[in-house]
Amino acid sequence: MSTTTHTTTTTSRSVSRAGVWCLGAGLVGAAQAIILLAWPPQVSDDRYSYPFTGFGFLVAQTSFFLQHLPLVVGVAALLWLPAARASRTARIAIGAASLGLMLLAVDELITIVAYDAATGSSLATLANNLYGPPVMLSGAGLLVAGIALLRQGTQGWVGARWIPALVLLLGVYVFVPLTPAIMGPFTAGRLGIGGWMLLFAVLGYGLTKLESSDV
């Protein structure tokens, strides 16, 4: 086996493994949204930790942090693909999206400090505002990456030719409908986030279906 063949096989397995993690994390994220909607409120809806008590909020936020990490792996895996390597714009945008998702994961831990705050308090407002930049960075990065990957054509995506379009959709989704949803009622926000997570699950599935010749 030549060095090139060995490298291609190893990269293919790495992309597929990243896809499995991304698929699983996306499904877990959608499940988390459903749990939040179904959970019997333990505090009034004027508490930042709603629907959980302080301890429940700590557990939930920690689970969100852990769930976000495989999404970073899945998006970053796009950098190993020829279409991304051939486009400087795609590489920068994918890197920005990965950074945004990483910062979003960190925010899930930081906002634990607001566990006992009222929703209208300055601390709760600050905690909410911390989510804005990472989400926007992720959305913009995915949107630009999707456009750049589409410009490379779909010939290098045998097994999942729709991945570039899906990356674009993941970015567009952040601006419409995710952002309006999370700025609205609690239920709308959870549904919006759940839908975004399902799209990440589809991305993970696509990465597992790419043929070795494409990576």
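The model shown is predicted, which means the values in this text are computed figures rather than measured ones.

## Structural notes on the overall build of the chain
In step 1: For the chain, the helix and strand inventory stands at 7 helices and 0 strands.
In step 2: Overall, the chain shows an N-to-C arrangement of helices and strands of α-α-α-α-α-α-α.
In step 3: The C-alpha atoms of the chain give 18 Å as radius of gyration, which agrees with the globular expectation for 215 residues (17 Å, within 12%).
In step 4: Each principal axis of the C-alpha atoms in the chain carries an extent, and together these give about 60 × 30 × 25 Å.
In step 5: Put simply, the chain has 215 residues, and 43% of those count as buried.
In step 6: In the chain, the proportion of contacts linking residues at least 24 apart, taken out of those at least 6 apart, comes to 75%.
In step 7: In the structure as shown, the chain presents an accessible area of about 10,400 Å², 68% of it carried by carbon and sulfur atoms.
In step 8: Charge separation in the chain, taken as the distance between the mean sites of 10 positive and 7 negative side-chain charges, equals 19 Å.

## Some points on the environment of Ala 97
In step 1: Relative to the helices and strands, Ala 97 resides in helix H4 (residues 88-110).
In step 2: Owing to a relative accessible area of 1%, Ala 97 belongs among the buried residues under this scheme.
In step 3: Taking the C-alpha atoms as reference points, Ala 97 and Val 167, separated by 70 residues in sequence, lie 10 Å from one another.
In step 4: Ala 97 has contacts with Val 75, Leu 137, Ser 138, Gly 141 and Leu 142, leaving out every residue within four places of it along the chain.

Thresholds applied
- Residues numbered from 1 in each chain as written.
- Predicted model: local features only at pLDDT ≥ 70, side-chain atom pairs only at ≥ 80, totals over all residues.
- Heavy atoms only, no water.
- Helix = DSSP H or I, 4+ residues; strand = E, 2+ residues; numbered from the N terminus.
- Rg over C-alpha atoms; globule rule 2.2 N^0.38 Å.
- Buried < 20%, exposed > 50% of the residue type's maximum accessible area, 1.4 Å probe, protein only.
- Contact = heavy atoms within 4.5 Å.
- Areas by Shrake-Rupley, 256 points an atom, 1.4 Å probe, with all protein chains shown as cover.
- Lys, Arg positive; Asp, Glu negative; His and termini not counted.
- Charge placed at Lys NZ, Arg CZ, Asp CG, Glu CD.

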